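Close look at the chain arrangement
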Amino acid sequence: DISKMPRRDRRALVAELAKKSATSKCALDTIAGEFKKTGQQLKLEVGKRRKAETLLDETINEKHNLDRENHNLSMQVQQLMSDLEASRAKVDQILQNTQQKHDNDSLSREAKLNNVIKGLRRQLRDETSLARL
């Protein structure tokens with residue numbers, strides 16, 4: 001019991017308790033300062049993480065957009081390839097038809113020229129026969 005202690009011992013006890021209290025207060029202030037720093041660092045880290053998550057979300061969205069655009073472009077390329085093949089087939093067909101027509105025209109001209117030549121030969125023979133007579 002403190003009341004039964006001599007006054008000098010009480011003063012020493014109070015001084016000692018005051019000293020311990022000051023030391024405890026200093027320690028608590030230091031701990032509070034560390035908690036404050038830790039809290040600020042935690043806020044900074046949370047902010048950094050949120051920024052990183054936002055950047056990751058934006059990157060994922062951009063990747064999806066690029067994938068979709070790539071798919072659309074691939075479909076367009078396939079359509080263009082199909083159109084090109086159809087155009088080549090038409091050109092080949094036109095060339096073939098033109099060649100056949102040219103061949104037919106050449107054969108027809110040749111046949112006509114042969115007929116003209118035969119006719120001229122006949123006419124020449126007939127004229128030669130008549131001249132002999």
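Overview of the structure.

Parameters at a glance
Residues numbered from 1 in each chain as written. Predicted model: local features only at pLDDT ≥ 70, side-chain atom pairs only at ≥ 80, totals over all residues. Heavy atoms only, no water. Helix = DSSP H or I, 4+ residues; strand = E, 2+ residues; numbered from the N terminus. Rg over C-alpha atoms; globule rule 2.2 N^0.38 Å. Salt bridge = Lys/Arg side-chain N within 4 Å of Asp/Glu carboxyl O. Buried < 20%, exposed > 50% of the residue type's maximum accessible area, 1.4 Å probe, protein only. Patch = residues over 30% accessible without salt bridge, like charges linked within 9 Å, V, L, I, M, F, W, Y side chains within 5 Å. Areas by Shrake-Rupley, 256 points an atom, 1.4 Å probe, with all protein chains shown as cover. Lys, Arg positive; Asp, Glu negative; His and termini not counted. Charge placed at Lys NZ, Arg CZ, Asp CG, Glu CD.

Our focus in this paragraph is the overall build of the chain. From N to C terminus, the chain includes 1 helix and 0 strands. For a compact globule of 133 residues, the expected C-alpha radius of gyration is about 14 Å, and the chain comes in at 56 Å, more than 25% above that figure. For the chain, the C-alpha atoms occupy an extent of roughly 185 × 20 × 10 Å along the three principal directions.

Counted according to the given criterion, the structure contains 6 salt bridges. Measuring nitrogen to oxygen at the nearest pair gives 3.8 Å for the salt bridge that ties Lys48 to Glu45. Of this pair, Lys48 and Glu45 both sit in helix H1 (residues 7-132), separated by 3 residues, roughly a single helical turn. Classification of Lys48 as exposed rests on a relative accessible area of 53%. As a salt-bridge pair, Arg49 and Glu53 come within 3.0 Å of each other at their nearest N and O atoms. Pair noted here: Arg49 and Glu53 are both in helix H1, with a separation of 4 residues, about one helical turn.

So, about a positive patch on the surface. A surface patch of positive charge is lined by Lys118, Arg121, Arg122 and Arg125. Topologically, Arg125 is positioned in helix H1.

Together, Leu28, Ile31 and Phe35 make up a nonpolar patch on the protein surface, roughly 350 Å² of accessible area in all. Note on placement: Phe35 falls in helix H1.

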